[in-house]
Structures are given as C-alpha cells and as structure tokens.
Amino acid sequence: MTEKVNVLVVGEGGREFAIASQLQSSKHVKQVYCAPGNAGMSAVGVQAVAIAETDFAGLIRFAKEHQIAWTFVGPEDCLVDGIVDDFKAAGLKVFGPDARAAQLEGSKDYALNFMNNYHVPTARHSSYRDQTAAINEVDKFGFPVVIKENGLAGGKGVVIAKDRRTAVQTIKDMFENGRARLVLEECLVGPEYSMFVLVSNGHYRILPLAQDHKRAYDGDKGPNTGGMGAYSPLPQLSAVDYQRMVDEVVKPTIDGLVAGEYHYHGILYIGLILTADGPKVIEYNVRLGDPETQVILPRLKTDLFELVTAAINDQPLPEIVETAAACFGVVVAADGYPQQPTHGQKLGHLPAEEDIEIAYANVTGELTDLRGAGGRLLMVLSKDPSLKVAHDRVYRYLADINLPGCFYRDDIGAKAGLTD
Ligand code: AMP
Ligand code: GLY
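Rules of the game
- Residues numbered from 1 in each chain as written.
- Chains lettered and ligands numbered in written order.
- Predicted model: local features only at pLDDT ≥ 70, side-chain atom pairs only at ≥ 80, totals over all residues.
- Heavy atoms only, no water.
- Core = buried A, V, L, I, M, F, W, Y, C linked by side-chain atoms within 4.5 Å.
- Buried < 20%, exposed > 50% of the residue type's maximum accessible area, 1.4 Å probe, protein only.
- Contact = heavy atoms within 4.5 Å.
- Axes fitted to C-alpha atoms, helices over the stretch in contact; angles between N-to-C directions.
- Helix = DSSP H or I, 4+ residues; strand = E, 2+ residues; numbered from the N terminus.
- Parallel < 35°, antiparallel > 145°, perpendicular 65-115°, else oblique.
- Salt bridge = Lys/Arg side-chain N within 4 Å of Asp/Glu carboxyl O.
- Pairing = 2+ DSSP bridges.
- Near = heavy atom within 4 Å.
- Polar contact = N/O pair within 3.5 Å; in protein donor to acceptor, adjacent residues only side chain to side chain.
- Areas by Shrake-Rupley, 256 points an atom, 1.4 Å probe, with all protein chains shown as cover.
- Nonpolar A, V, L, I, M, F, W, Y, C, P; charged D, E, K, R; others polar.

**Q** How should I be thinking about the nonpolar core in this particular structure?
**A** When a protein is soluble and globular, its nonpolar side chains tend to lie buried together. Counting 120 residues, the largest nonpolar core has Ile83, Tyr284 and Phe328 as its most contacted members. Dropping the residues within four chain positions of it, isoleucine 83 is found in contact with Val10, Glu53, Phe56, Leu59, Val73 and Cys78.

See below:
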C-alpha cells in the first residue's frame, strides 16, 4: 500500500466537520487538519489548527510545513476571495474553484450571464443599477416577485415580495442600504432541489441528493437560515424528474464551464426548482451545502479521498456508490438564531449512543464540557435502511438530552412523509 498522507480542510462549521471526518476515515489518510476547525472535531480524530480561514498566507505556510497532499476549501467567501489562486501560485494542490469561477456564487449577475450564454434554463430576470428603473419594470415579472442582492449574502439576500407595495419598498431599502445592484426575477413554482456535482474540468460525478430545511421554525415558518435539518436520499423525487435535472441543467452547466475555459476543479452546488416547464436554476454555489453535506457524505461508499485526488489530478473519476441506508439529521441552534443568537450555553458531554453521530459546528471548550458559540451548534444524525427509523432515532435522542438555550425543528422530513 502507498504511504498515508496528510490533508487540510479549510472552514469551521458542521459541513467542514463532515468533510474532515469522512477524510479521516479513509485508508489513505494519516491526519486531517482543519483550520480553524472547531472544538468538537477531536471526537473524530481531526486536529483543529488555529489559523483563520481568511489568513491565506498562514494556511499556505501550514500546508508546506505539514506535507499536506491537498487542501479542501469548505466556505464560499474564501473561494470568492481567491484562496485557490493563492494556493496554486504557491505550488500547492487544492480542491475548489478559483476566484473567477467562484463568481458563479459571488455575483448573481455573473451567474445569470453564464446561464444565458450557455443556455441553462432559469427564471425570467433583469439586473438593475438604479431604483427607478427597477421600480418602473417590476410589474413585468408579476407578483410575487423575487428580489435578489447581487453579492454574497449568507442566504439572507433574497426577498420574495408578495405584492407591488412590498416590492417597491424592498427595492428602495436595498438601494438605500448601499446595494449597488439587484436582480428582479419571476417567482418559480414547484419543489426545490439541490444537486451537488463534483467537477473535474469537464468530467463530473453527482453526489447523493439531499433535502435541506431553510426556515428557522416548524411548518417552514420564520426567517431564512443556513439550514435546520436534512435527509438523503429523497424518496419523493422520481427517476424521470432526476434525469431531466441531469440532462437539462447539469449537462449544459458543465458544457458551459468547459466552453468558458473555467478549468473548474471543485464542487458545484446547483439550486433548482422543478417547474411545470421543467427544472430551472435559481442559484449556483461553488461549495458543498451545510447541513446537506452532513447527510450526504456518510452515504458514500466511494472513498472521498480517492474521489478528490482523482478530480484534482485530472484522472478518471471513480463511480459514486451510495449506501442503501438513508441518513437523517436535525440541527440544534442557539436560541435567537438567526437574528441574535445567544452564546455560552452549557452543552456538557453529549452521550455517545450506537447509531447516533454528532456533527459539531459552533462549539467551544473541551469535548467533555462543550459550550455553544452562537448560530448552529451541532447536528444529530442517524443512518438506517429505513429513513423513518433514522428519523425516529434522532428525535428520541434529542428528546432524551437536555440542551438549555437551544432549539431545533420538530418537522424535519415532513415533506418525505416522515412526521406522524
Ligand atoms: P438563495 O439565497 O439564492 O439560496 O435563495 C433563497 C431562497 O429563495 C431559495 O432557496 C428559494 O427558495 C427562493 N428563490 C430564489 N429564487 C427564486 C425564484 N426565482 N423563484 C422562487 N423562489 C426563489
Ligand atoms: N444549506 C444551504 C447552503 O449551504 O447554502
């Protein structure tokens, strides 16, 4: 067997916990480092490194000093800011798109131009630099209308305005709050899906499908969050619809990346709505999703290290083989999330239980005495051939433990018929 190697994951959330944990379990990996990582990562043998994800020079120095075979970048802001360009310039191997390709997430305008150029179906849209033009044309999209800020907004940059009055007010507010540009879009109707595609310069593999739950409270009520729970696979999606998503959205997108000479090596996350006229893209992201990653990766039989190594080196990509078992997870967030999350709640030592995994995110302290550090704190996960059994196990575990100052949704999986 070839020698085992070290790898570095950049980021600190639940998504990076899942990536790092999966890589640490590979037979090819000696040590996974995660910068800056979080306090829960030692539970799965991953070593957190106190270097900020914005300190590219520090990360490059660390990678050189610790014989890192390659680096996997989790969060979008580093990608948009050019971490991949800097790593490559330093002669290091890295998995993620460069700054040019990352504009597919960093700028709505850029993404829409890409879709127009390469015939990827999307909503009817226009982009505006001043409020008068936007207000004058808002009627042509009908109501509700979707209003999007141009730049990265952490999931909070989209407003669906139900009538003209709300739309006009939102447009004014966005420009008056310093936004230089916004996009108006027709509101698409239909179920929303995400596809995570591992891309290697024109070649690709589609990862297992997962469903996120973006709103904070039960019944899809409350403010938008990063995501409050997820499950994989999706029993409700037919094979015919899946194939349409591949043929009509994934293929033209990959062809566009090749035609535009992007040399894309990384994850492309395609958000789409399955309308009566077929699938239409509502956004591209240039990274994995959080919390979708936490339920997708445990379902891979394919070794993630082998997959990423092949992708980075332009070698043939291994097939993706999924376990028959489903994976289900519920996010535990700090009270007040997402508006004003509280900090410092005492989580203590969460009991280990067979068939339950914890993916830690915003936690500090020792493993035996963890505290919340704001936002999404952790995710409770279970895997089982029956999605319903996994669901029931996670909720029973949550009911049995005491998590002061935290909340979670009770209805994750309702769309798959999982709630009683
Ligand atoms: P984003 O911040 O781009 O993820 O968008 C947030 C949410 O807005 C998406 O998850 C969709 O639910 C919704 N959304 C975005 N664009 C559209 C659209 N054109 N039609 C309907 N819903 C949309
Ligand atoms: N869960 C949604 C995202 O990662 O953007």
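Read on, since the account is not over.
**Q** Can you walk me through the packing of helix 5 (residues 99–106) against helix 6 (residues 108–117) in this structure?
**A** Helix-helix packing: each pair is described by the crossing angle between the helix axes and the interaxial distance. At their nearest, the axes of helix 5 and helix 6 sit 6 Å apart, and the two run at 100° to each other. By the angle between their axes, helix 5 is roughly perpendicular relative to helix 6. Residue-level inspection shows Arg100, Gln103, Leu104 and Gly106 of helix 5 in contact with helix 6, the latter providing Lys108, Tyr110, Ala111 and Phe114.

**Q** Before we go on, may I ask you to explain the pattern of salt bridges in this structure?
**A** One pass over the full model with this rule turns up 23 salt bridges. We note a salt bridge from arginine 287 to glutamate 76, for which the minimum N-O separation is 2.9 Å. Here arginine 287, found in the loop between strand 17 (278–285) and helix 10 (292–296), pairs with glutamate 76, found in helix 3 (residues 76–80); they are 211 residues apart in sequence, far enough to count as distant. The exposure classification of arginine 287 matches that of glutamate 76, with both residues buried. The partner of aspartate 247 in a salt bridge is lysine 251, with the nearest N and O atoms 3.2 Å apart.

**Q** Help me out: how do you make sense of the sheet that holds strand 22 (residues 369–372) in this one?
**A** Strand pairing in a sheet relies on backbone hydrogen bonds, with the paired strands running either antiparallel or parallel. Pairing within the open sheet is antiparallel, and its 3 strands lie in the order 19-22-21. Unpaired on one side and paired on the other, strand 19 (346–348) and strand 21 (363–366) mark the two borders of the sheet. Along the sheet, successive strands turn relative to each other by an average axial angle of 25°, direction set aside. With 4 bridges connecting them, strand 21 and strand 22 associate as antiparallel partners. Opposite glycine 365, over in strand 22, you have leucine 370 as the bridge partner.

**Q** Please explain the site of ligand 2 as it appears in this structure.
**A** Taken together, Asp212, Gly226, Tyr269, Arg287, Gly289, Asp290, Pro291 and Glu292 make up the full set of residues adjacent to ligand 2. In the environment of ligand 2, a nitrogen atom lies 2.7 Å from a nitrogen or oxygen atom belonging to the side chain of aspartate 212. In this structure, arginine 287 approaches ligand 2 through a side-chain N or O atom, which is 3.0 Å from an oxygen atom. Here ligand 2 loses 88% of its free accessible area of 200 Å² to cover by the protein chains. When grouped by side-chain class, the residues that make up the shell around ligand 2 number 2 nonpolar, 2 polar and 4 charged.

**Q** Help me understand the pairing of strand 18 (residues 326–334) in this model?
**A** Successive side chains on a regular strand alternate, one facing one side of the sheet and the next facing the other. Across the 9 residues that make up strand 18, a large majority, 9, are buried. Relative to strand 18, strand 15 (residues 229–232) runs antiparallel, the two being bridged by 4 bridges. Looking across to strand 18, one finds that tyrosine 231 is bridged to phenylalanine 328. Pairing between strand 18 and strand 23 (residues 376–384): 8 bridges, direction antiparallel. Considered in strand 23, the bridge of valine 331 is made with methionine 379. As judged from the 2 bridges shared by strand 18 and strand 24 (residues 406–407), these two strands associate in the antiparallel manner. Note on strand 24: the bridge partner recorded for alanine 334 is cysteine 406.

**Q** When you look at the sheet that holds strand 3 (residues 47–48) in this model, what are you seeing that I'm missing?
**A** With respect to topology, 5 strands assemble into an open sheet ordered 3-2-1-4-5, the strand pairing being parallel. In this open sheet, the two strands that pair with only one neighbour each are strand 3 and strand 5 (94–95). As defined by bridge partners, strand 1 (residues 5–11) adjoins strand 2 (residues 29–36) across 7 bridges and the pair is classed as parallel. Bridge pairing in strand 2 places leucine 8 opposite tyrosine 33. Sheet contacts for helix 1 (residues 14–24): strand 1, strand 2 and strand 4 (68–73); angle to strand 2, the most-contacted strand, approximately 165°. Across the sheet, helix 11 (residues 304–312) lies against strand 1, strand 2, strand 4 and strand 5, angled at about 95° from strand 4, the strand it touches most.

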